[in-house]
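Single-letter residue listing:
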Amino acid sequence: MLGLGKKDLALLVLVAVLIIFAPFILNPFPVNSGLAQFNAGYPDLMQRFVIFGIFAIGFNILFGLTGYLSFGHAAFLGVGSYAAMWSMKLMTMNVIPAIILAVIVAGLFSLLVGWISLRRSGIYFSILTLAFAQMSYALAYSVLTPVTGGETGLQPKMDDPRIFDPALADGATPSANLFGLTMKSSHEIAVGGWLFTINAGYYIAGVVMLLAFYMAIRIFRSPFGMMLRAIKTNQTRMNYTGLNPRPYTLAAFVISGMYAGLAGGLMVAMDTQVGPERMFWTASGEVVLMTILGGAGTLIGPVLGAGMIKYMENIISKINDGILYQWFSVLPEALQDLLVTLIHPFIGKGWHLTLGIVFMLVVIFLPGGLLEGGQRMRDVFKKKKKPTPGKDPEHHPKPSPHVA
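Residues numbered from 1 in each chain as written. Predicted model: local features only at pLDDT ≥ 70, side-chain atom pairs only at ≥ 80, totals over all residues. Heavy atoms only, no water.

**Quick notes on the overall build of the protein**
Right, on to step 1. The number of helices and strands found in the protein is 15 helices and four strands.
Right, on to step 2. Taking the principal axes of its C-alpha atoms as reference, the protein extends roughly 100 × 70 × 45 Å.
Right, on to step 3. The proportion of buried residues among the 404 residues of the protein is 45%.
Right, on to step 4. Across the protein, contacts joining residues at least 24 apart in sequence account for 71% of those joining residues at least 6 apart.
Right, on to step 5. By element, 69% of the accessible surface of the protein is carried by carbon and sulfur atoms, the whole surface being about 21,200 Å².
Right, on to step 6. Where the 28 positive side-chain charges of the protein centre and where its 19 negative ones centre are 17 Å apart. (Helix = DSSP H or I, 4+ residues; strand = E, 2+ residues; numbered from the N terminus. Buried < 20%, exposed > 50% of the residue type's maximum accessible area, 1.4 Å probe, protein only. Contact = heavy atoms within 4.5 Å. Areas by Shrake-Rupley, 256 points an atom, 1.4 Å probe, with all protein chains shown as cover. Lys, Arg positive; Asp, Glu negative; His and termini not counted. Charge placed at Lys NZ, Arg CZ, Asp CG, Glu CD.)

Shown next, in the form of structure tokens:
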């Protein structure tokens, strides 16, 4: 089915199930409970999980398979966002043309950047990609202000031409849609003390992510993917065989850039505004952290890494001292003050410190990322369930044959 093996098909089904039930899985606590701050089932955050998951999947095709570490992938994210925005300003607020144009423009730009950067390898390649990203950011911030909007960015306006859309009614505002279904349309389901939000934009982005994940599986299992792994393993030996690795690395770079453009287009579709900050070097560093944290070179690892970082950014950063005192209200006052003092540096604006500690622990103890941690836990449970011949009460060893 779908040209996938049993394990890959099971992984694809798992991702599909997680996408479908995410609004329920990410809201494990009742709204009025003391732990409701950890709920992450609101539309904006779920959309970020999916969009940055796509971004990390694409980056992993380059870094995880070829070993080429790019510090400039945010440039393709930004270029894709600007292309999608201009599609919405000039043609239509329908997200389909915007996303297609974002992928095409990001692919062309990554072809140019890759053709130049891949003349070098190692740290020199990384520095070249970083330089391109920072130049792109500087151009978007100042020089190309008529095209990018400069510091204030771009967003759809009432007086934009939009040649394929009918004129807006008085007082109406342009909103991204899929053949009339707006991205922000939501339906709330109340079950007891729980409140679940079903958002159209999230599920549209989820379908796109599922398709992107399927394409990544096909790339990983294809002969092309095997060639990329060979480049990562020993590029010098590959050169000795007479094969030129550069076309393969350039193709991987362009595919990775197109994934970034796809993520950028979806970001505009979900939140119709774009600014140059999406191209800053910190955004490039973030996707590197996502991939390494989840597990570089694995299929689902980068998605897990993206989810963890965005969860910490949006949930851990919102916990404050008042919430901590609420949690520890049953304890003596002196102990409350002590615990709040100890935890305070790691929450709120200090969430980066928590992320740094988590990243350090993962790199030291789980070099394969979060996915390796899950595999180790699975192996531990398997060992516990495995019966031991001498201790299993249902195990009856065969009697030895009688020797006359």
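**Topic: the packing of aromatic side chains**
Right, on to step 1. The final tally for this structure, using the stated rule, is 13 aromatic pairs.
Right, on to step 2. With 4.9 Å between their ring centres and 55 degrees between their planes, F24 and F196 make a pair best called tilted. Here F24 is found in helix α1 (residues 6–25), whereas its partner F196 is found in strand β4 (residues 194–199), with 172 residues between them in sequence.
Right, on to step 3. Judged by relative accessible area, F24 falls into the partly exposed class, the value being 33%.
Right, on to step 4. Following the ring pairs from residue to residue traces out a cluster consisting of Y68, F76, F109, F125 and F253.
Right, on to step 5. Lying over the aromatic face of W86, K89 brings its terminal NZ or CZ to 5.8 Å of the ring centre.
Right, on to step 6. Note that K310 overlies the ring of F52, its terminal NZ or CZ placed 4.0 Å from the centroid. (Phe/Tyr/Trp six-rings, centres within 6.5 Å; stacked < 30°, edge-to-face > 60°. Lys NZ or Arg CZ within 6 Å of the ring centre and 35° of its normal.)

**What about the pairing of β4?**
Residues in a regular strand project their side chains so that they alternate between the two faces of the sheet.
Right, on to step 1. Here strand β3 (residues 186–191) runs beside β4; their pairing, made up of six bridges, is antiparallel. Its bridge partner being in β4, H187 is matched across the sheet by I198.
Right, on to step 2. Here β3 hands over to β4 after two residues, with G192 in that stretch at a positive phi of 65 degrees. (Pairing = 2+ DSSP bridges.)

**Quick word on the side chain of Q47**
Right, on to step 1. For Q47, the location among the structural elements is in helix α2 (residues 43–66).
Right, on to step 2. Exposure remark for Q47: the relative accessible area of 7% places this residue in the buried category.
Right, on to step 3. Ignoring sequence-local partners within four residues, the contact set of Q47 consists of M183, N199, G201, Y202 and M270.

**Focus on the pattern of salt bridges**
Right, on to step 1. Counted under the stated rule, the structure contains seven salt bridges.
Right, on to step 2. K310 serves as the salt-bridge partner of E313, at 2.8 Å between the closest nitrogen and oxygen. You can see E313 and its partner K310 sitting in helix α11 (residues 301–314), three residues apart, about one turn around the helix.
Right, on to step 3. Accessibility expressed as a relative area gives 3% for K310, which makes it buried.
Right, on to step 4. When the shortest N-O distance is used, the salt bridge between R378 and D379 registers 3.7 Å. (Salt bridge = Lys/Arg side-chain N within 4 Å of Asp/Glu carboxyl O.)

**Structural notes on helix α7 (residues 200–221)**
Right, on to step 1. Between its terminal C-alpha atoms α7 stretches 32 Å, which fits the 32 Å expected from 22 residues at 1.5 Å a residue.
Right, on to step 2. Two to three positions downstream of the cap, the backbone nitrogen of G201 sits 3.0 Å from a side-chain oxygen, assigning the N-cap of α7 to N199. (Expected span 1.5 Å × (residues − 1). Polar contact = N/O pair within 3.5 Å; in protein donor to acceptor, adjacent residues only side chain to side chain.)

**Things to note about the environment of I300**
Right, on to step 1. In this structure, I300 sits in the loop between α10 (281–294) and α11.
Right, on to step 2. Setting aside residues up to four positions removed in sequence, I300 forms contacts with L11, L14, V15, F213 and L371.

**Considerations on the packing of α2 against α10**
Right, on to step 1. With their axes 9 Å apart at the nearest point, α2 and α10 run at an angle of 80 degrees to one another. Regarding the angle of α2 to α10, the classification is roughly perpendicular. Between α2 and α10, the residues in contact are F52, F55, A56, F59, N60 and F63 and A283, E286, V287, V288, M290, T291 and I292, respectively.
Right, on to step 2. Partitioned by chemical class, the residues of the contact of α2 with α10 number ten nonpolar, two polar and one charged. (Axes fitted to C-alpha atoms, helices over the stretch in contact; angles between N-to-C directions. Parallel < 35°, antiparallel > 145°, perpendicular 65-115°, else oblique. Nonpolar A, V, L, I, M, F, W, Y, C, P; charged D, E, K, R; others polar.)

**Concerning the confidence of the model for the protein**
Right, on to step 1. The share of residues in the protein with pLDDT of 70 or more is 95%, and the mean pLDDT across the chain is 90.
Right, on to step 2. Mean pLDDT per element in the protein: helix α15 (residues 370–385) is the minimum at 83, and helix α4 (residues 95–117) is the maximum at 97. (pLDDT = per-residue confidence, 0-100.)

**Topic: the side chain of S70**
Right, on to step 1. Note on placement: S70 falls in the loop between α2 and α3 (74–90).
Right, on to step 2. We classify S70 as buried; its relative accessible area is 0%.
Right, on to step 3. In this structure the side chain of S70 is engaged in a polar contact, spanning 3.0 Å, whose partner is the side chain of H73.
Right, on to step 4. Beyond its immediate sequence surroundings of up to four residues, S70 is in contact with F59, L62, F125, T129 and V288.

**Describing the packing of α4 against helix α5 (residues 122–143)**
Right, on to step 1. Put simply, α4 and α5 touch, their axes get as near as 9 Å, and they point 140 degrees apart. Between α4 and α5, the angle falls in the class oblique. The crossing of α4 and α5 is right-handed. Contacts between α4 and α5 involve F109, V113, I116 and S117 from the first element and F125, L128, T129, F132 and S136 from the second.
Right, on to step 2. Among the residues making up the contact of α4 with α5, the classes are represented as six nonpolar, three polar and no charged. (Left-handed = near helix turned anticlockwise from the far one by under 90°.)

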